[in-house]
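Residues per chain are reported as follows:
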Number of protein chains: 4
Amino acid sequence: MIKIGIVGASGYSGSELLRFLVNHPGELQVALCTSETYAGQCIESVLPNLRGFLSAKFEPLDLDSLKERVDAVVLAVPHKVAMSFAPKILKQGLRVVDFSADYRLEDAETYQAWYHTEHTSSELMPQAIYGLPERYRAKIRDAQLVANPGCYPTSAILAAMPLVAQGVVELDSIIVDSKSGISGAGPKPSENTHYANRESNVVAYNIGVHRHTPEIEQELGAVASEPIRVTFTPHLVPMTRGILSTVYMRLTEEMSTQEALSIYAGFYENEPFVRVLPSDTYPETKAVLGSNYCDVGLEVDTRTRRIIAMAAIDNLGKGAAGAVVQNLNLMFGFNETDGLKVPGMMP
Amino acid sequence: MIKIGIVGASGYSGSELLRFLVNHPGELQVALCTSETYAGQCIESVLPNLRGFLSAKFEPLDLDSLKERVDAVVLAVPHKVAMSFAPKILKQGLRVVDFSADYRLEDAETYQAWYHTEHTSSELMPQAIYGLPERYRAKIRDAQLVANPGCYPTSAILAAMPLVAQGVVELDSIIVDSKSGISGAGPKPSENTHYANRESNVVAYNIGVHRHTPEIEQELGAVASEPIRVTFTPHLVPMTRGILSTVYMRLTEEMSTQEALSIYAGFYENEPFVRVLPSDTYPETKAVLGSNYCDVGLEVDTRTRRIIAMAAIDNLGKGAAGAVVQNLNLMFGFNETDGLKVPGMMP
Amino acid sequence: MIKIGIVGASGYSGSELLRFLVNHPGELQVALCTSETYAGQCIESVLPNLRGFLSAKFEPLDLDSLKERVDAVVLAVPHKVAMSFAPKILKQGLRVVDFSADYRLEDAETYQAWYHTEHTSSELMPQAIYGLPERYRAKIRDAQLVANPGCYPTSAILAAMPLVAQGVVELDSIIVDSKSGISGAGPKPSENTHYANRESNVVAYNIGVHRHTPEIEQELGAVASEPIRVTFTPHLVPMTRGILSTVYMRLTEEMSTQEALSIYAGFYENEPFVRVLPSDTYPETKAVLGSNYCDVGLEVDTRTRRIIAMAAIDNLGKGAAGAVVQNLNLMFGFNETDGLKVPGMMP
Amino acid sequence: MIKIGIVGASGYSGSELLRFLVNHPGELQVALCTSETYAGQCIESVLPNLRGFLSAKFEPLDLDSLKERVDAVVLAVPHKVAMSFAPKILKQGLRVVDFSADYRLEDAETYQAWYHTEHTSSELMPQAIYGLPERYRAKIRDAQLVANPGCYPTSAILAAMPLVAQGVVELDSIIVDSKSGISGAGPKPSENTHYANRESNVVAYNIGVHRHTPEIEQELGAVASEPIRVTFTPHLVPMTRGILSTVYMRLTEEMSTQEALSIYAGFYENEPFVRVLPSDTYPETKAVLGSNYCDVGLEVDTRTRRIIAMAAIDNLGKGAAGAVVQNLNLMFGFNETDGLKVPGMMP
């Protein structure tokens, strides 16, 4: 029995992880849920969808005693906080999956440039594995520290990777235009998440400075074996969950939609959670709602020699908690799909 | 292995049933999906959330050969159609669960008065069991023909039943004001389900003539052991799934909210899918989204000696497909909760 | 030229009032907008829809100098704050329209019982006129202090008043079930207005204790010439604007829907902003979106001898800012409809 | 008094035009509304927001008698239908504004290539004026036939035009990623506009083949004085109204956001309905909801030397009916802003 502790379990990533794990068929148990805000309160009174599933309470975090309670820790806390906890947890011999951005980048300077804060445990960066199984499956199995990917990067990388790997895109041509549901901003009320501000409204934000940019560049650059710069523009659209990333890339050679789809189908042939859609079918966020699936589709615009590749995920599913489950499954020898073979919710 | 055939599997009730059944842990298999509209097409191309889960195609219905393919049939077709199929299926010795209204009422005259059509197999009405496990669990186990309850009645009956059973409400005082998501109207496009007509809009419909009225009256009347008339007003609110029914009843005696809650808690003590909420907590539809749960809460308004009891369900979950799974579990000896212990999706 | 000052102009009621007033055709001018939060900032940078309409800035409130700037003051501040400002403004000889609840009730004890706070200027209560032109048109013309009605009461009173006036309803039978958009909760972010909490969600709140209850009771009681108690249950539904109130009343005599509609049509014959809908047509909130209209419709349920009367308003329009404009028009001798003959926005 | 006839007045473009025109302050009158579907029915029973504004009925179209009824005709019918009506109307000496695409393109071959139908009145194409006042104001004043721009092109052209005119963008680098509300698909129910299919869903459509593409290319090409090809990807997002177009362009020279904004501010200095937003402020669709405004904002991503320019419009306002009013004002000598100085509706 693998005992999991979730630090910061009352946020959206943490609570979604709970929603997945209560149905995990393996020898895996949520043994500890901490919450600064709700310590002492019943989980099910804070998360009413889980009423009847969990009788435990949120606890305050006691970093030093984690080893007595759990085998692995999922950090569902903001960046900066995560890197203040992770070293101490790893020292106890516990394995860690980190929802935050603190260990996703390989390079402390890049981190500092985008996050405007010093990286206080950069010595751990080299050993952290970027938790995208579609790229680092083998390394994740053995990792002590897994950095769970950002939601936008997951969608952007999965949409672009096959063609970049194939070497048929102009590397300075990549533009990622993402449309996201509001839950990405978390459970804390703000002007940005205020119902009346978001309903019937679409707006871009953080253009040119969104912190997921270097993550996309790092991973696509690694695939291409050379540095890449992308233009990334996130938008908020009026829905709670879901990201659709539309990725524009200029092709270095002529290619039909069908040929491009073949490349994608081959690339993702053995992936349990990436579904390459047939031609004339584009990903829609609702088809993956609440699930760990990523739907990928594309069209080649021969007039402009561009490919428009799209990926749809649930930002809290494959973009966050679903990916953590997938990573935990790999790390602890479960079937990779345990607890995750759940279809999206339509209609 | 119990083989299930779903007739009319491409509609919302049928497809939601598929969504539940692909995760059923028992010896239960969907062996046949028919669809008039999509016969010959791959299920997963019609229902993109199920991509990767089902490789079969929708088939045309061949009533006479059902016995060779399946052990039980779920009818997910409109009323009138259901009663033209059910007798032939039962004759083959197959057990039937019917999503439609055709066998919910005990009385052919009442059916005719509300549905404005002749009941063509009224001889089956006496043997049909109303598929509300919270009331007819034992009978469902042995039933050949189960009439799955309507979505509104499920919420209204579960909200009102404990107090009516207790004999403490004025029976002519019951008013059911329901707020429903749009999916109750089914997948067929219409003015009523047109996005721009429903977004930012609330409207009542079918006041005084909604066909779920006699169903509520029949079941609450049976609980009270005398005829009951209720005022029922359904409303459409801008969301896809979910029903909140607010039930107003005048009490025959003074009672505190806490006392009323105790009656409810006792009444539903052993029910796996009815959750009675603590005081000061009211049901919200999102807490049961995509699930088979019904959340019930209440408040006594001592100034007017009325109780306001509320029930929240997913109209496609506990209000349709979830209930069918629960009924199939009972009929075929599975654990009643098999495939249904799935929390609602929040946020 | 009548110069208007709006105190608290950056909230939803205040900003909606600005939206109406920039198109007022009469000799009426917004001469001062105060805001505690945004004092010193350009109005159009805070309210981007008004960009290009107003070059002024929000100012801090200087109660003592109001007389030098304006002829009338609209108080768009919370209750308790309003009653701390109103006496000082009236003393300067300025006329006041108050958005808050502080002067709506005739009785300080009732106020105290529902608002749990002392009324500090109860001496003004007798002279305050309840700003519902459909009932107090003549008095509003001459009023120094107009208490703008609450959004829920406006809808409930307009839905119930004609029949109560006719004396054909059992006075203890009135139940008001209201469905409201989220903007009623104002612009301040909170858990209650958090996008992810409200989207795809319906929930009741403040059952039995909502502060609009005594306002409904006072006004319908005045119409009936005897005290009335109503059961009032407000609900939040996923939209920004709009209230639909469904009012249940038991009739003292048999009456057809058509007869009831005739009573309503007669009652509202000369009202410019109450539209009585024909039979088989029910009010929908979208038809009045952004407008000062109230659509009223009804159905008699002869089986239970109840009438179900419904009213739809925009809570920020006829339920707040539109009503203020209507009141200002009456108070200052403009055409009652000036600036208000704007259709709702459909689709 | 200018008498206007609207052919096809019950659709979204036509009904929105009515909503604008009931408040037009000039000597302009809607003298005729035709509708194939609703001929003989009261306008206000079909369009409930207009109840109380229009007592007329929809009439069948009698092409030959138009001259006796009106001075100008607005065609609010689909393409193909428009070009079958326009010649006959023009022959009667009436001026025409056409909502459809039939006269937007200068070149019949291009039309045929994108619309897959023969152009049956290509002789009128040279005289038709593209109804974008920001570019063709003077010509519109004298035009007999005005082709009202498409909603997507309006947003894309207004977002890109200043920089293209300045000659500082790589002309083969232009990508338009648009997010649109559902009302663009019109009032006819379909799978695409079905509530449950669109709620909580984002999806691209018509990639590489959307018919608004040649319109964008024609107009930006004219500005650049050389042919341009753009990649255009429209998306549906869950809201009724509004388009946000995000336009990506590679700069030929280094430029700061502030410098780019200066170019835009200068370019649109005298435009009454284009609002250039200050730096760090991006257009949001809600700020222009229901209005004729287009909000434009931008950011230069110096890392990739791209400019991201955005325009927000209401697809039924500046993207359709608002533009028609603006064009009618120009054609008939009214103030260009008559009936259009209406702020967007927030919240």
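Source: prediction; values computed, not measured.

A few words now on the interface of chain A and chain D. Contacts between chain A and chain D engage 47 residues on the former and 47 residues on the latter. Of the roughly 3,900 Å² buried between chain A and chain D, counting both surfaces, carbon and sulfur atoms make up 54%. The largest contributions to the chain A side of the interface with chain D come from Val202, Ile207 and Arg303 of chain A, which together make up 17% of the buried area. If you look at where chain A meets chain D, you find eight salt bridges. One salt bridge in this structure joins Arg303 of chain D and Glu217 of chain A, with 2.5 Å as the shortest N-O distance. Among the secondary structure elements, those contributing two or more residues to the side of chain A that touches chain D are strand S7 (175–180), helix H8 (195–198), strand S8 (203–204), helix H9 (213–224), strand S9 (231–236), strand S10 (243–250), strand S12 (294–301) and strand S13 (306–313) of chain A. Each residue belonging to the side of chain A that touches chain D can be placed in one class, and the counts come to 21 nonpolar, twelve polar and 14 charged.

At the interface, 34 residues of chain A touch 34 residues of chain B. For the chain A and chain B pair, buried surface summed over both sides reaches about 2,700 Å², with 60% attributable to carbon and sulfur atoms. On inspection of chain A and its partner chain B, the count reaches zero salt bridges. Linking chain A with chain B are 15 residue pairs in polar contact (both at pLDDT 80 or more), by the criterion used here. The element best represented in the side of chain A that touches chain B is helix H1 (residues 12–21) of chain A, accounting for three residues. Tallied by class, the residues present in the side of chain A that touches chain B amount to 16 nonpolar, nine polar and nine charged.

So, on to the domain arrangement of chain A. Residues and elements named next belong to chain A. When the domains of chain A are assigned, the result is domain 1 (2–127) and domain 2 (152–315). Taking the mean C-alpha position of each, domain 1 and domain 2 sit 27 Å from one another. The partner domain 2 presents 16 residues to the 13 residues of domain 1 that form the contact. Together domain 1 and domain 2 conceal approximately 1,200 Å² of surface at their shared face, both sides included; 55% is due to carbon and sulfur atoms. It is Tyr12, Arg104 and Trp114 in domain 1 that bury the most area against domain 2; as a group they hold 50% of the surface buried on that side. Where domain 1 meets domain 2, there are two salt bridges. As a salt-bridge pair, Arg241 and Glu16 come within 2.7 Å of each other at their nearest N and O atoms. Taken together, domain 1 and domain 2 are joined by seven residue pairs in polar contact (both at pLDDT 80 or more).

We now examine the packing of aromatic side chains. A complete count under the given rule lists 30 aromatic pairs over all chains for this structure. Here Tyr152 of chain A and Phe232 of chain A contribute two aromatic rings whose centre-to-centre distance is 5.1 Å and whose plane-to-plane angle is 65 degrees, an arrangement assigned as edge-to-face. With Tyr152 of chain A in helix H7 (residues 151–166) and Phe232 of chain A in strand S9, the pair connects residues that are 80 residues apart, well separated along the chain. Where Phe267 of chain D meets Tyr268 of chain D, the ring centres are 5.1 Å apart and the plane angle is 80 degrees; that geometry is what we call edge-to-face. Among the aromatic side chains, those forming a connected cluster through ring pairs are Phe53 of chain A together with Phe273 and Tyr293 of chain B.

We now examine helix H5 (residues 108–115) of chain D. Residues and elements named next belong to chain D. Buried within H5 are the following residues: Tyr111, Trp114 and Tyr115. One side of H5 carries all its buried residues, which in axial view fall inside an arc of 85 degrees. Summarising the geometry of H5, the exposed residues directed more than 90 degrees from the buried face are Glu109 and Ala113. Next to the buried residues of H5 lie helix H4 (81–91) and helix H9 (213–224). At the exit of H5 stands His116, carrying a positive phi of roughly 55 degrees.

What follows is about the relation of the copies chain A and chain D. Once turned by 180 degrees and shifted 0.0 Å along the axis, chain A lies on chain D with an RMSD of 0.0 Å. Both chain copies can therefore be described as sitting about a two-fold axis. Within chain A, Pro238 of chain A has its C-alpha nearest the rotation axis, a separation of 3.0 Å. A symmetric contact is evident, with 100% of the interface residues of chain A recurring at the interface of chain D.

On to the relation of the copies chain A and chain B. Aligned on chain B, chain A shows an RMSD of 0.0 Å; the corresponding rotation is 180 degrees and the shift along the axis is 0.0 Å. Interface residue correspondence from chain A to chain B reaches 100%, placing this contact among same-surface, isologous pairings.

With that settled, consider the state of the cysteines. Under the criterion given, the structure shown has zero disulfides over all chains. Free of any disulfide, Cys151 of chain B has its nearest neighbouring cysteine sulfur in Cys294 of chain B, separated by 12 Å.

Put simply, Met346 of chain C and Pro347 of chain C share a cis peptide bond, and its omega is 0 degrees. Looking at the element boundaries, Pro347 of chain C is found in the segment after helix H11 (317–331). Located in the positive-phi region is Arg305 of chain A, a residue other than glycine, with phi close to 50 degrees. Within the secondary structure, Arg305 of chain A sits in the loop between S12 and S13.

Here the structure, examined in full by the defined rule, presents 64 salt bridges over all chains. Measuring nitrogen to oxygen at the nearest pair gives 3.0 Å for the salt bridge that ties Lys286 of chain A to Glu199 of chain D. Residue Lys286 of chain A is found in the loop between strand S11 (274–276) and S12, and its partner Glu199 of chain D is found in the loop between helix H8 (195–198) and strand S8 (203–204); the two belong to separate chains. Take Glu199 of chain D: its relative accessible area is 8%, and that puts it in the buried class. When the shortest N-O distance is used, the salt bridge between Glu215 of chain B and Arg104 of chain B registers 3.0 Å. Pair noted here: Glu215 of chain B is in helix H9 (residues 213–224) and Arg104 of chain B is in the loop between strand S4 (95–98) and helix H5 (108–115), with a separation of 111 residues, a long-range link. The two residues Glu215 of chain B and Arg104 of chain B agree in class, both being buried.

This next bit is on the environment of Gln326 of chain C. All names here are of chain C. In this fold, Gln326 is placed in helix H11. On the accessibility criterion, Gln326 (0% relative accessible area) is buried. Residues in contact with Gln326, not counting those within four places in the same chain, are Pro133, Glu134, Arg137, Phe273, Asn292, Lys318, Glu336 and Leu340. Within the local environment of Gln326, its side chain forms a polar contact with the side chain of Glu336, the two groups lying 2.7 Å apart.

Attention now moves to the packing of helix H6 (residues 133–142) of chain C against H11 of chain C. Residue and element names in this part refer to chain C. Close contact between H6 and H11 brings their axes to 9 Å; oriented N to C, the two are set at 40 degrees. In this structure, H6 meets H11 at a crossing whose hand is right-handed. Contacts from Pro133, Glu134, Arg137, Ile140 and Arg141 of H6 reach H11 at Lys318, Gln326, Asn327, Leu330 and Met331. Counted by class, the contact of H6 with H11 contains four nonpolar, two polar and four charged residues.

The rules behind the values
Residues numbered from 1 in each chain as written. Chains lettered and ligands numbered in written order. Predicted model: local features only at pLDDT ≥ 70, side-chain atom pairs only at ≥ 80, totals over all residues. Heavy atoms only, no water. Contact = heavy atoms within 4.5 Å. Buried area = accessible area lost by both parts, 1.4 Å probe. Salt bridge = Lys/Arg side-chain N within 4 Å of Asp/Glu carboxyl O. Helix = DSSP H or I, 4+ residues; strand = E, 2+ residues; numbered from the N terminus. Nonpolar A, V, L, I, M, F, W, Y, C, P; charged D, E, K, R; others polar. Polar contact = N/O pair within 3.5 Å; in protein donor to acceptor, adjacent residues only side chain to side chain. Domains from an automatic or database assignment. Phe/Tyr/Trp six-rings, centres within 6.5 Å; stacked < 30°, edge-to-face > 60°. Buried < 20%, exposed > 50% of the residue type's maximum accessible area, 1.4 Å probe, protein only. Arc of directions from axis to C-beta. Least-squares fit on C-alpha atoms with pLDDT ≥ 70 in both. Disulfide = S-S within 2.5 Å. Axes fitted to C-alpha atoms, helices over the stretch in contact; angles between N-to-C directions. Left-handed = near helix turned anticlockwise from the far one by under 90°.

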